[in-house]
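For reference, the chains in residue letters:
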Amino acid sequence: ALNRELLALWKRLRCSRRHMDLVERTVDNVRDVVQMVDVRLDVEPFGSAFNGFGNDSSDVDIRILNLPADLSSRGKVQVIDAIARILRRSWRCRVSVPGRGRIRVPVLRFRDPQTGIDVDLSLPLNAYAPENTALLAEYAALDQRVCILGHAIKYWAKQREIADASTGNLSSYSFVLLAIYYLQRRSIVPSLQSREVVGRTWQERVPGAGFSRGTRELHEYMRHRGGFDRKASAGSL
């Protein structure tokens, strides 16, 4: 019974194809706005909408790429301000800047009027953000039980209002990591950050953030190595 409930919850919470289409359109729309400031700039999405643990209410996190390496903090703020002016003028949308005055380079928060998707637009201050997204996406693709339990833990934490790092609690990302660690300890999935898993698929695009990639190769590794529990239901876990 519990397994059926968890499966139903996951099917209800996971991102629909329609939502992902809207998210992808939003990324394209934001790219167009950013390139109105400088055609050399680009954008990169990350976060729950792309890591396999999002839902149809997920916003989209986007970071700006290709800024000059020697651009000062003041120059970065000027880029953010220029984008905000374009959004207000062209999209006629409300743009908030949470943290202005408290952080050196603010984040823009707004809603795409064409898609209705909320956006957090920032500068690439955290080099690990896209790799964190890719790592969770690999786990999500590896075993459906990872998705089911990850969504359930996130839902549980959000219902109790404890999935918010800004309030001194763990982030929803951290709760998903805890669920994955538990599944590793139960021999459901391997640690993709271990070089011993699949050495030939190991990639370290950002120093210190390497992991094995490639669902087909990882399934092959798990099948040949053995010892992984393929039968335990999400409910029993």
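Residues numbered from 1 in each chain as written. Predicted model: local features only at pLDDT ≥ 70, side-chain atom pairs only at ≥ 80, totals over all residues. Heavy atoms only, no water.

Some thoughts on the overall build of the protein
In terms of regular secondary structure, the protein is built from seven helices and six strands. Listing every helix and strand of the protein by position from the N terminus yields α-α-β-β-α-β-β-α-α-α-β-β-α. Over its C-alpha atoms the protein spans a radius of gyration of 20 Å, differing by no more than 12% from the 18 Å that the globule rule assigns to 237 residues. Seen through its C-alpha atoms, the protein measures out along the principal axes to roughly 55 × 40 × 35 Å. (Helix = DSSP H or I, 4+ residues; strand = E, 2+ residues; numbered from the N terminus. Rg over C-alpha atoms; globule rule 2.2 N^0.38 Å.)

Points about unusual backbone geometry
Residues other than glycine seldom take positive phi values, yet Asn 66 does so here, at roughly 70°. Within the secondary structure, Asn 66 sits in the loop between strand 2 (60-65) and helix 3 (73-91). Look at Ser 187: it is not a glycine, yet its phi comes out positive at around 60°. Considering the arrangement of structural elements, one finds Ser 187 in the loop between helix 6 (172-185) and strand 5 (202-203).

Side note on helix 1 (residues 2-13)
In an α-helix there are 3.6 residues to a turn, and that puts residues three or four apart on one side. Spanning twelve residues, helix 1 covers 16 Å between terminal C-alpha atoms, matching the ideal 16 Å at 1.5 Å per step. Looking at helix 1, one finds that the buried residues are Leu 6, Leu 9, Trp 10 and Leu 13. Each buried residue of helix 1 sits inside an arc of 100° when the element is viewed along its axis, so together they form one side. Turned more than 90 degrees off the buried face of helix 1, the exposed positions are Arg 4 and Arg 12. Buried residues along helix 1 sit in contact with helix 5 (144-159). (Expected span 1.5 Å × (residues − 1). Buried < 20%, exposed > 50% of the residue type's maximum accessible area, 1.4 Å probe, protein only. Arc of directions from axis to C-beta. Contact = heavy atoms within 4.5 Å.)

Comments concerning the confidence of the model for the protein
Put simply, the protein has an average pLDDT of 88, and 94% of its residues get 70 or more. The weakest mean pLDDT in the protein belongs to strand 5 at 70; the strongest belongs to helix 2 (residues 17-37) at 96. (pLDDT = per-residue confidence, 0-100.)

Regarding the sheet that holds strand 4 (residues 118-122)
With respect to topology, four strands assemble into an open sheet ordered 1-2-4-3, the strand pairing being mixed. Each end of this open sheet is capped by a strand with a single partner; those strands are strand 1 (42-46) and strand 3 (108-111). The sheet shows a mean angle of 30° between the axes of neighbouring strands, direction not considered. Bridge count between strand 2 and strand 4: four bridges; the pairing is parallel. In the strand pairing of strand 4, Arg 63 is matched with Ser 122. (Pairing = 2+ DSSP bridges. Axes fitted to C-alpha atoms, helices over the stretch in contact; angles between N-to-C directions.)

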